[in-house]
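# Structure assessment
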Amino acid sequence: LPLDNNFAERNLRAQALGRANWLFAVGHESAENTAVAYTLVQTAKLHGLNVEAYLTWALERVAACEAQPEGYAALTPMAYEEAQKGTAG
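An account of the accompanying structure is given in this report. Computed from a predicted model, the values in this text were never measured in an experiment. (Residues numbered from 1 in each chain as written. Predicted model: local features only at pLDDT ≥ 70, side-chain atom pairs only at ≥ 80, totals over all residues. Heavy atoms only, no water.)

Across its full length, the chain carries 4 helices and 0 strands. If you list the helices and strands of the chain from N to C, you get α-α-α-α. For the chain, the C-alpha radius of gyration of 16 Å lies well beyond 12 Å, the compact-globule estimate for 89 residues. With the C-alpha coordinates aligned to their principal axes, the bounding extent of the chain is approximately 40 × 40 × 20 Å. Expressed as a percentage of its 89 residues, the buried residues of the chain come to 15%. Once local pairs closer than 6 in sequence are excluded, the contacts in the chain between residues at least 24 apart make up 36%. Surface accessibility of the chain: about 7000 Å² in total, with carbon and sulfur atoms responsible for 60%. With 6 positive and 10 negative side-chain charges, the chain shows a spacing of 10 Å between the two charge centroids. (Helix = DSSP H or I, 4+ residues; strand = E, 2+ residues; numbered from the N terminus. Rg over C-alpha atoms; globule rule 2.2 N^0.38 Å. Buried < 20%, exposed > 50% of the residue type's maximum accessible area, 1.4 Å probe, protein only. Contact = heavy atoms within 4.5 Å. Areas by Shrake-Rupley, 256 points an atom, 1.4 Å probe, with all protein chains shown as cover. Lys, Arg positive; Asp, Glu negative; His and termini not counted. Charge placed at Lys NZ, Arg CZ, Asp CG, Glu CD.)

What follows is the structure, given as structure tokens:
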């Protein structure tokens, strides 16, 4: 077993650095929105995706989900990954 846990420590560094910023979230809803954004970015990173390309793809489609909130599930990093496989093949 490795003597250190650098992988987990590196992944938690962004949250530790941002903690001071989250302290001053305007309200509970804005804190939740920030948590969702960080979760999406970290999930995209874990899947080895280009985060900027994923966010661009998702934000281009988010307006279509306002009428049907269940459509947000189709904007996850995994859905992006599947969409990229479909266009590549």
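Direction vectors running N to C along helix H2 (residues 28-46) and helix H3 (residues 51-61) enclose 130 degrees, while the axes themselves pass 9 Å from each other. The angle between H2 and H3 falls in the class oblique. Every pair of crossing elements has a handedness; the one defined by H2 and H3 is right-handed. The residues of H3 that touch H2, namely those facing Leu40, Val41, Ala44 and Lys45, are Val51, Tyr54 and Leu55. Its residues assigned to classes, the contact of H2 with H3 shows 6 nonpolar, no polar and 1 charged. (Axes fitted to C-alpha atoms, helices over the stretch in contact; angles between N-to-C directions. Parallel < 35°, antiparallel > 145°, perpendicular 65-115°, else oblique. Left-handed = near helix turned anticlockwise from the far one by under 90°. Nonpolar A, V, L, I, M, F, W, Y, C, P; charged D, E, K, R; others polar.)

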